[in-house]
Amino acid sequence: MSSPITLIEIRSLSFTGSTFINLLLGCHPRAFTLGPPKRVLDMLDNPDDQGDRACLVHHAKCDFWPAFFKAHNPDENFFLQLANASGASHIIINNPYGGETVNKHLDHPMIERKRIKIVRDARAVITSYLKYNPDCPPFDAITKWFITPATRFDYDPTNPDELCAKYEDIATDPDSFLKRASAFTGLDYPDNACKYWEHEHHMTTGNGGPLSTINRFKGTKFAGPDSEYREQRYQQLLQNPHRPLIDERWRDVFTPRDRFVFDLFAGHINEHWGYERDTFPLSTVNTFLKDLASSGENLSDIAPKGTTPDNELLALLQSMTAPRAEEIMS
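A. Representation of the overall build of the protein chain within the structure. In terms of helices and strands, the protein chain carries 16 helices and five strands. For the protein chain, with 330 residues in total, the buried portion stands at 50%. For the protein chain, the share of sequence-separated contacts (at least 6 apart) that also reach a separation of at least 24 residues comes to 72%.

B. A look at the state of the cysteines. Within this structure, the stated rule accounts for zero disulfides. A disulfide-free cysteine, C55 has its sulfur positioned 4.0 Å from the sulfur of C62, the nearest such atom. Free cysteine: C194, not disulfide-bonded; nearest cysteine sulfur from C27 at 8.4 Å.

C. Structural view of the packing of helix α7 (residues 138–152) against helix α13 (residues 256–272). Close contact between α7 and α13 brings their axes to 10 Å; oriented N to C, the two are set at 10°. In terms of orientation, α7 lies roughly parallel with respect to α13. Together, P138, F139, I142, T143, F146, I147, A150 and T151 of α7 and R257, D258, V261, F262, F265, A266 and I269 of α13 make up the contact between the two elements. Each residue belonging to the contact of α7 with α13 can be placed in one class, and the counts come to 11 nonpolar, two polar and two charged.

D. Here's a closer look at the pattern of salt bridges. Applying the stated criterion across every chain, the model contains 16 salt bridges. Taking the shortest distance from any N to any O, the salt bridge between R123 and D278 comes out at 3.3 Å. Note that R123 is positioned in helix α6 (residues 122–132) and D278 in the loop between α13 and α14 (282–295), a separation of 155 residues in sequence. With a relative accessible area of 4%, R123 lands in the buried category. When the shortest N-O distance is used, the salt bridge between R259 and D278 registers 2.8 Å. Here R259, found in helix α13, pairs with D278, found in the loop between α13 and α14; they are 19 residues apart in sequence, far enough to count as distant. D278 matches R259 in its accessibility class, with the two residues each being buried. Among the ionic contacts, a cluster of salt bridges with common partners joins E9, R11, D107, R113 and R115.

E. Structural context of the environment of I147. Residue position: I147 is located in helix α7. Residue classification places I147 among the buried positions, given a relative accessible area of 2%. For the pair I147 and F262, spaced 115 residues apart in sequence, the C-alpha to C-alpha distance is 9.7 Å.

F. Fine view of the nonpolar core. Residues L25, L34, W65, F78, F79 and I91 are the most contacted members of the largest nonpolar core, which totals 58 residues. Beyond its immediate chain neighbours, meaning those up to four positions away, L25 contacts I8, I10, A31, I92, I116, F177, L178, A181 and Y189. L13, I126, F153 and I269 belong to the second-largest nonpolar core, a separate cluster that totals 29 residues.

G. Geometry of the packing of aromatic side chains. Taken as a whole and judged by the stated rule, the model has 21 aromatic pairs. For the pair W145 and F146, a centre-to-centre distance of 6.4 Å together with 40° between the ring planes defines the contact as tilted. Judged by its relative accessible area of 1%, F146 falls in the buried class. The interplanar angle of 80° and the centroid separation of 5.1 Å between the aromatic rings of Y196 and W197 together place this pair among those described as edge-to-face. Taken together, F15, Y129, Y132, W145, F146, F153 and W273 form an aromatic cluster joined through their ring pairs. Positioned above the aromatic ring of F153, the side-chain terminus of K117 is 5.6 Å from the ring centre.

Conventions and cut-offs
- Residues numbered from 1 in each chain as written.
- Predicted model: local features only at pLDDT ≥ 70, side-chain atom pairs only at ≥ 80, totals over all residues.
- Heavy atoms only, no water.
- Helix = DSSP H or I, 4+ residues; strand = E, 2+ residues; numbered from the N terminus.
- Buried < 20%, exposed > 50% of the residue type's maximum accessible area, 1.4 Å probe, protein only.
- Contact = heavy atoms within 4.5 Å.
- Disulfide = S-S within 2.5 Å.
- Axes fitted to C-alpha atoms, helices over the stretch in contact; angles between N-to-C directions.
- Parallel < 35°, antiparallel > 145°, perpendicular 65-115°, else oblique.
- Nonpolar A, V, L, I, M, F, W, Y, C, P; charged D, E, K, R; others polar.
- Salt bridge = Lys/Arg side-chain N within 4 Å of Asp/Glu carboxyl O.
- Core = buried A, V, L, I, M, F, W, Y, C linked by side-chain atoms within 4.5 Å.
- Phe/Tyr/Trp six-rings, centres within 6.5 Å; stacked < 30°, edge-to-face > 60°.
- Lys NZ or Arg CZ within 6 Å of the ring centre and 35° of its normal.

Here it is in structure tokens:
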């Protein structure tokens, strides 16, 4: 007979570091890191799938998922079966979208759901997106890809029913986050929980970066054009596992104009999440206005559909005066 379990749901935008946080929260003897559940649920609906492709950590050598697929009962709740098979009382998932395939398993009288909201500096989020979409101009990534989901994302650190945190705070001090998570989830995390690569995981969906760190610990070398960079970061991680490195490549990727456009349309969102906004020399503002005029467009033409530019910066463009538009003297 199944016992009551807890679903820890991480909610975040894409490229926010949720795979790392999934793995971190799964570093407890009574926790199991799944990730977004739709992929494995779709596999279970396919009678030809035996589970040998499910695990992104052990791949075909995984012994957990094939055994689970063999014993799985499609008429019973997936998460309760997973908890029973893994011996876990807490299942770690994130962004459990997928329509009825997923929803029918989420609501059950024996499942308690606890939600964790994560944000990351949106400039880093957009830079990560551009890494995987190199043909997308930064302007389009800001105005067409990021704005709509960011505007809809409800992040309220004062909500007592949710645990809210910034990715950067977790990455620079995972031990403090795990203490907060312990109080919120009821799991008392061990001292080595921040070393997620040393723990057993069978994650089925996630970002390749943290997963490749686990495989590197198991002896598999990094591959690809950035393998030297990843190896360097891995060695630094081993030397100081309680303070992983923050990727701030957005500072090099974003041009002054990109940063201005970001602040115009999304700076107020980032500020609400707790991130400091940029300041700009008037020369950047003038360049933006000249480019806009030469293109024959106006602000309403380039503004993301259903959104408006930040009111302060809109006033700046109209009057050329605002607190954040300061002439920076050399």
